[in-house]
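A look at the structure
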Amino acid sequence: MLIASWNINGVKARLDALTAWLTERRPDIACLQEIKSVDEGFPRKAIEDLGYHVETHGQKGFNGVALLSLKAPEEGSVLRGLPGDESDEQSRYIEALWQTEAGPLRVASIYLPNGNPLGTEKFDYKLAWMARLEKHAAGLLEREERLILAGDYNVIPEPTDAAKPDVWVNDALFQPESRGALRRLIHLGLVDALREVDESEAVYTFWDYQAGAWQKNNGIRIDHLLLSPEARIALRSVGIDKHVRGWEKPSDHVPIIAELAE
DNA sequence: ATGGTCGTTTTACGA
């Protein structure tokens, strides 16, 4: 089965690309980020017409995440919002559990805070959010299920994950604190699936709209699929749908996708 | 050599 994640940068602006991609790929579960829509504004019918179940956690204008799936998640299993701070009003996390022939599979769609500019409350919020994610992930891992934490982490893990690492040194995406927090999360026992791709070729997931970044392949790898050991054992292949970045009206991110044994 | 983008809460801001 195919589990995918894609920061679509606005579901209304990206509806044609989203339906084209869903039709082409038919992922069993698709995690979306930056839907930039309230739940009522999500183009639910166009997605349901393709055979997908839709679960959203939106907000007005910014952020917003969703889970699309060919089969409905288990009743009552959908979790909206990252636990750990009742005062956090930003919609950046949705999680659900599916029962499959191979047993339970839990998937989360994550839109981690950008954190720029440095030295502001935005960077503090990013690090606090990452600490909450680590705590929540530790609890999930205790379940010993197949678990995929998928999404836009807004963290460049290593210098090799950027075409021009030097231009990111003063950016929240590449700070030692951000990278350290991601490492701590992974060290709970998760595998960065895209890292397992042949390292002879750099894999990026985001190319800025500005300065011809796409044409120059000036990209960064910030979208990640983090797998529990149980999910890692089932992993058959992983990759990116790079061609989608070359479509009309593209998102600045491309879909990332993992194939699991059934 | 230089300037160059999107999406939305649209003439401001977040990314």
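Going by an unreviewed UniProt entry, chain A carries the name Exodeoxyribonuclease III and comes from Fulvimarina manganoxydans. In its Sequence similarities (unreviewed entry) section, the UniProt record describing chain A reads: "Belongs to the DNA repair enzymes AP/ExoA family."

**Brief notes about the protein's contact with DNA strand B**
Every one of the 18 residues lining DNA strand B counts as a neighbour, but Arg14, Lys60, Phe62, Lys122 and Tyr209 are closest to it. Near-protein atoms of DNA strand B (within 4 Å) split between backbone and bases, with sugar and phosphate holding 55%. One nitrogen or oxygen atom from the main chain of Tyr209 is found 3.2 Å from a sugar or linking oxygen belonging to DNA strand B. Taking Ala211, its main chain carries an N or O atom lying 3.4 Å from a base nitrogen of DNA strand B. The residue makeup of the surface near DNA strand B, split by class, is five nonpolar, five polar and eight charged.

**Here's the deal with helix H4 (residues 176-187)**
Residues three or four positions apart in an α-helix share a direction because the helix packs 3.6 residues into each turn. Relative to the 16 Å expected for twelve residues at 1.5 Å per residue, H4 spans 16 Å between its end C-alpha atoms, a close match to the ideal helical length. All of the buried residues along H4 are Ser178, Arg179, Gly180, Ala181, Leu182, Leu185 and Ile186. Those residues of H4 that are buried are in contact with helix H3 (121-141), strand S9 (191-192) and strand S12 (223-227). After H4 finishes, the residue Gly189 shows a positive phi value of roughly 130°.

**Some points on the pairing of strand S4 (residues 65-69)**
In terms of burial, S4 is a largely internal element, five of the five residues being buried. Across the two faces of S4 the burial is the same, with Val65, Leu67 and Ser69 and Ala66 and Leu68 all buried. Where strand S2 (residues 29-33) and S4 come together, five bridges link them in antiparallel fashion. Looking across to S4, one finds that Ile29 is bridged to Ser69.

**Examining the UniProt feature "site: Transition state stabilizer" (unreviewed entry) in chain A**
The residues that UniProt annotates with the feature "site: Transition state stabilizer" (unreviewed entry) are Asn154. Relative to the helices and strands, Asn154 resides in the loop between strand S8 (146-152) and H4. Beyond its immediate stretch of four places on either side in the chain, Asn154 contacts Tyr111, Leu112, Pro113, Asn114, Lys126, Leu173 and Ile222.

Criteria and cut-off values
- Residues numbered from 1 in each chain as written.
- Chains lettered and ligands numbered in written order.
- Predicted model: local features only at pLDDT ≥ 70, side-chain atom pairs only at ≥ 80, totals over all residues.
- Heavy atoms only, no water.
- UniProt positions renumbered as here; feature names shortened; annotations may be inferred.
- Near = heavy atom within 4 Å.
- Polar contact = N/O pair within 3.5 Å; in protein donor to acceptor, adjacent residues only side chain to side chain.
- Nonpolar A, V, L, I, M, F, W, Y, C, P; charged D, E, K, R; others polar.
- Helix = DSSP H or I, 4+ residues; strand = E, 2+ residues; numbered from the N terminus.
- Expected span 1.5 Å × (residues − 1).
- Buried < 20%, exposed > 50% of the residue type's maximum accessible area, 1.4 Å probe, protein only.
- Contact = heavy atoms within 4.5 Å.
- Pairing = 2+ DSSP bridges.

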